[in-house]
Amino acid sequence: MKKFITGALSLIIAVSAATGCMAEQETADETTIVMQIDNPTATVNGVETEIEPGEDVSPVISDGRTLVPLRFLAESLGFEVEWNAETQEITITKGAEIETVTLTEEEIAEAAEAAEEEPETTKESESENMTNINITIGDKVFEAVLYDNETANAFAEKLPVTYNMSELNGNEKYFYMDEALPSDDIDPEIINTGDIMLYNSNYLVIFYDTFVPSYYSYTPMGHITNPEDLAEAVGSGRVTVTITK
């Protein structure tokens, strides 16, 4: 049985996933779960659902690790999850198969701090430092944010802009900017629908599908916060995109 617990768990039960925010069930009936950082809504086989109805529970990044809600992940894959506070054990079962993990006090304290306290501080800091923008495509207006980094700040100074963006790979629209922006490339483990990135210093890229990249490096610039209709809005060819503050 595959072990779904790798790393720190918190009292809201979150798991450190080395592969980012996508999990797939290893059975004949494949289940695909997609979660985004700081987004309380996930998709299970393409169907949107709240991770924890009525609660602000979402994946977070802490100390370079991605923490995702274990209970939601496991139950979406058909497992049952039980937490025993007295023995500090999490038990995951499916039929006759049982997986039990015992947490150390250090793991609990570390994860609780990351999953319960840090997200509030991070979100407050991000709301103060990130730049809110609107992206207009046809008659659709998408809300987005630019991160507080050198690349995004330099791009924000160019706004408003209107670009005729080209299609590539069935998952992105891109535009070559004459003026290069400062870059700080990373190799993302996963690219999510609505991610806004810089490629090779001059290419603005807006992704309209979620996928695992194979070899490209990008500088993260921001993301669209309501990307549900993005793929439909951008279509399959060139598209005119207006970005404003």
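Presented here is a report on the structure given in the accompanying data block. (Residues numbered from 1 in each chain as written. Predicted model: local features only at pLDDT ≥ 70, side-chain atom pairs only at ≥ 80, totals over all residues. Heavy atoms only, no water.)

Looking only at helices and strands, the chain has four helices and 18 strands in total. Residues classed as buried in the chain amount to 44% of the 245 residues present. Summarising the internal contacts of the chain: among those between residues at least 6 apart in sequence, 56% fall at separations of at least 24. If you sum the accessible surface of the chain, you get close to 12800 Å²; carbon and sulfur atoms cover 44% of it. (Helix = DSSP H or I, 4+ residues; strand = E, 2+ residues; numbered from the N terminus. Buried < 20%, exposed > 50% of the residue type's maximum accessible area, 1.4 Å probe, protein only. Contact = heavy atoms within 4.5 Å. Areas by Shrake-Rupley, 256 points an atom, 1.4 Å probe, with all protein chains shown as cover.)

Before going further, it helps to examine the nonpolar core. Counting residues in each nonpolar core, the largest one holds 28 residues, and the members touching the most others are Ile135, Phe155, Leu204 and Ile243. When residues in this core are grouped by element, the largest group, four residues, is from helix α3 (residues 150–156). Those residues in contact with Ile135, other than ones at most four positions away along the chain, are Lys140, Val141, Phe142, Ala144, Ile196, Ile206, Ile224, Val241, Thr242 and Ile243. One finds Met35, Ala42, Ile90 and Ile92 within the second-largest nonpolar core, a separate group that totals 16 residues. (Core = buried A, V, L, I, M, F, W, Y, C linked by side-chain atoms within 4.5 Å.)

Where strand β12 (residues 140–146) lies against strand β17 (residues 219–224), three bridges are found, and the strand directions are antiparallel. Counted as the bridge partner of Ala144 is Ile224 from β17. Two elements, strand β15 (residues 195–199) and β17, share four bridges in a ladder whose sense is antiparallel. Counted as the bridge partner of Asp195 is His223 from β17. (Pairing = 2+ DSSP bridges.)

Time to look at the side chain of Thr193. Among the secondary structure elements, Thr193 is positioned in the loop between β14 (172–176) and β15. Its relative accessible area of 16% is what places Thr193 among the buried residues. Setting aside chain neighbours within four positions, we find Thr193 in contact with Gln36, Phe207, Tyr208, Asp209, Thr210, Pro227 and Leu230.

Per the stated rule, a full pass over the model turns up nine aromatic pairs. Plain terms: the ring middles of Tyr216 and Tyr218 are 6.4 Å apart, the flat faces sit at 50° to each other, and that makes the pair tilted. Joined through ring pairs, the aromatic side chains of Tyr174, Tyr176, Tyr199, Tyr203, Phe207, Phe211, Tyr216 and Tyr218 make up one cluster. (Phe/Tyr/Trp six-rings, centres within 6.5 Å; stacked < 30°, edge-to-face > 60°.)

Our focus in this paragraph is a negative patch on the surface. Judged by side-chain charge, Glu150, Asp184, Asp185 and Asp187 come together as a negatively charged surface patch. By the secondary structure assignment, Asp187 is in the loop between β14 and β15. The exposed category is assigned to Asp187, whose relative accessible area is 58%. (Patch = residues over 30% accessible without salt bridge, like charges linked within 9 Å, V, L, I, M, F, W, Y side chains within 5 Å. Salt bridge = Lys/Arg side-chain N within 4 Å of Asp/Glu carboxyl O. Lys, Arg positive; Asp, Glu negative; His and termini not counted. Charge placed at Lys NZ, Arg CZ, Asp CG, Glu CD.)

Attention now moves to the side chain of Thr219. Summarising the element assignment, Thr219 is placed in strand β17. There is a polar contact of 2.7 Å between the side chain of Thr219 and the side chain of Asp185. Excluding residues that lie within four positions of it along the chain, Thr219 makes contacts with Thr151, Ser183, Asp184, Asp185, Met197 and Leu198. (Polar contact = N/O pair within 3.5 Å; in protein donor to acceptor, adjacent residues only side chain to side chain.)

Locating Val145 in the fold gives a position in strand β12. Along the primary structure Val145 and Gly222 are separated by 77 residues, whereas in three dimensions their C-alpha atoms are 5.4 Å apart. Dropping the residues within four chain positions of it, Val145 is found in contact with Met130, Thr131, Asn132, Ile133, Met221, Gly222, His223 and Thr225.

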